[in-house]
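Observations on chain architecture
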Amino acid sequence: MRALLAALALACSAPGRAQEAYGAKGIYPVYETGGQWVIFDKDPKAQRGAQKSALSLGTRFLVVGSRGSELFTVTRASATYGGACRKNRPVKLRAALLRGPRSVVGSPIIGIRVKADFNLRGSEARYLSLANEVDEGTYSRLGDAVKSAALSDITSGVFGSTLDDDPGRAPPQDPSPEQVQMKIDFGARLAVRGLQDPFVFVEASQFSSSYRRCLRLADGGKLVARCVEMPQKLMAETALLRFVAYDPSGQDNPFLLAYTPTPPLWGDERWGFALRSAGPRLFLFDAMDPRCRDGF
């Protein structure tokens, strides 16, 4: 268990973009497809044959899901289609089928590669299915702080722009709060070590034609660190996601996991965030799109 906690800490501590390489630090998204629990190896190097796939027969994974975690084993690995598309054509990927006690885990979310002798004896991990707690009081407590943060990002150019905006135009220097449309799609109280009144939430803001969705962490009415963007890779609305807290040590150092419980029309999604007193960190996001189409 100590080795697992050390690996998770390393995966979630360094700054930068999430999952610079697919399966970074041995953490993969897990999907249910065709009645099987599957990991698709989307690493471009593995696809080109430049390196051996990490998903070999007999490899063990700690699968974390909506209700708990258990050890699973790769019982079959082969090349297949159906996990991703490129230029509207299916991509041939290596897929690993996982076998283990599904009922204990619930819906699969992530798989953490572990050593052959790893076991769960003495585990103090905690799981919590998170319900949406957003109400009028949430906006009263956090609305002004969120708009102020969005305005600061707009004037600095951090907020970003869409193709509908003029790419050569300088960021506005004096936008007003009335120009920012904001909503909080999801929020829940969750114990985080070092914070008095932690609240994790998903904020969606729009300015002109620019739109941004973020995961934020607050302590009371104060925002903790910057927002962590949640790009809508397959256009899944936040309402289609389910959120679970997984605290591997049981000491209020949780991971927030988000997943689609059933595949929406356009595909499945998996998200992983580390929540710490210094702010949230995105360590995994992935989407499985089984259809090759021109887009919407």
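Please read these numbers as outputs of a predicted model, since none were measured by experiment. Along each chain, residues carry numbers from 1 onward, in the same order as the chain's sequence is written. Residues qualify for local features only when their pLDDT is at least 70, as the model is predicted, and side-chain atom pairs are given and counted only at 80 or more; totals for whole chains, interfaces and linings, by contrast, use all residues. The side-chain figures draw on all heavy atoms in the structure; neither hydrogens nor water molecules are used.

With that settled, the discussion passes to the overall build of the chain. Put simply, DSSP H or I for four residues or longer makes a helix, DSSP E for two residues or longer makes a strand, and each gets a number counted from the N terminus. Per the secondary structure count, the chain includes four helices and 18 strands. Three exposure classes are used, based on accessible area relative to the maximum for each residue type with a 1.4 Å probe and protein chains only: buried under 20%, partly exposed in between, and exposed over 50%. Sorting the 296 residues of the chain into buried and exposed places 47% on the buried side. Here, two residues are considered to be in contact whenever any of their heavy atoms come within 4.5 Å of each other. A separation threshold of at least 6 residues defines the contact pool for the chain, and within that pool the share at least 24 residues apart is 62%. Note on areas: these come from Shrake-Rupley sampling with a 1.4 Å probe, and a residue is covered only by the protein chains present in the view. Carbon and sulfur atoms form 49% of the exposed surface of the chain, whose accessible area is close to 14,700 Å².

This part covers the side chain of Glu203. Within the secondary structure, Glu203 sits in strand β12 (residues 198-207). The class of Glu203 is buried, set by a relative accessible area of 0%. Residues adjacent in sequence count toward polar contacts only when both atoms are side-chain atoms; beyond that, a polar contact is any pair of N or O atoms within 3.5 Å, and within protein one must be able to donate a hydrogen and the other to accept it. One polar contact links Glu203 to Ser205, side chain to side chain, over a distance of 2.4 Å. Of the polar contacts made by the side chain of Glu203, one reaches the side chain of Arg216; its length is 2.6 Å. Residue contacts for Glu203: discarding those within four places in its chain leaves Val146, Met182, Lys183, Arg212, Arg213, Cys214 and Arg216.

Moving on, we come to the sheet that holds β12. Pairing within the open sheet is antiparallel, and its four strands lie in the order β11-β12-β13-β14. Pairing within the sheet leaves two strands with one partner each, and these edge strands are β11 (180-189) and β14 (222-229). When strand polarity is set aside, the average angle formed by the axes of neighbouring strands in this sheet is 25 degrees. In this analysis, strands are considered paired if DSSP registers two or more bridges between them. Summarising the sheet, β12 and strand β13 (residues 210-219) pair through ten bridges and their orientation is antiparallel. The partner of Phe207 across the bridge, within β13, is Ser210. Along the sheet, helix α4 (residues 136-156) makes contact with β11, β12, β13 and β14, crossing β11 at roughly 125 degrees. Geometry is summarised by axes, namely lines fitted to C-alpha atoms with helices restricted to the contacting stretch, and by angles between N-to-C directions that run from 0 to 180 degrees.

Bringing the pattern of salt bridges into the picture now. For this analysis, a salt bridge means a side-chain nitrogen from Lys or Arg found within 4 Å of a carboxyl oxygen belonging to Asp or Glu. Taken as a whole and assessed by the stated rule, the structure comprises ten salt bridges. Close ionic contact of Arg212 with Asp153 constitutes a salt bridge, the shortest N to O distance being 2.9 Å. Of the two residues, Arg212 sits in strand β13 while Asp153 sits in helix α4, which places them 59 residues apart along the sequence. Neither residue differs from the other here; Arg212 and Asp153 are each classed as buried. Across the salt bridge formed by Arg226 and Asp153, the nearest N and O atoms sit 2.8 Å from each other. Taken as a pair, Arg226 in strand β14 and Asp153 in helix α4 lie far apart in primary sequence, 73 residues in all. A network of salt bridges, in which partner residues are shared, links Arg126, Asp247 and Asp252.

Before going further, it helps to examine the packing of aromatic side chains. Any pair of Phe, Tyr and Trp rings, taking the six-membered ring for Trp, is counted once the centres come within 6.5 Å. Such a pair is stacked with planes under 30 degrees apart, edge-to-face with planes over 60 apart, and tilted for the rest. Tallied over the entire structure, the rule returns nine aromatic pairs. Centroid distance Tyr28 to Phe61: 5.9 Å. Interplanar angle 85 degrees. Geometry classified as edge-to-face. Residue Tyr28 is found in strand β1 (residues 27-29), and its partner Phe61 is found in strand β4 (residues 60-65); the two are separated by 33 residues along the sequence. Of the two residues, Tyr28 and Phe61, both sit in the buried class. A centroid spacing of 5.6 Å and a plane angle of 25 degrees characterise the contact between Trp271 and Phe285, whose relative ring orientation is stacked. With Trp271 in strand β17 (residues 268-276) and Phe285 in strand β18 (residues 279-288), this pair connects stretches of sequence that are 14 residues apart. Note on accessibility: Trp271 and Phe285 belong to one class, buried. Among the aromatic residues, ring-to-ring pairing joins Tyr127, Tyr246, Phe255 and Phe283 into one connected group. By definition here, charges over rings are those cases where NZ of Lys or CZ of Arg is within 6 Å of the ring centre and within 35 degrees of the ring normal. Positioned over the ring face of Phe199 is Arg141, at 5.0 Å from the centre of the ring. Sitting over the face of the ring of Phe255, Arg276 holds its NZ or CZ atom 5.0 Å from the ring centroid.

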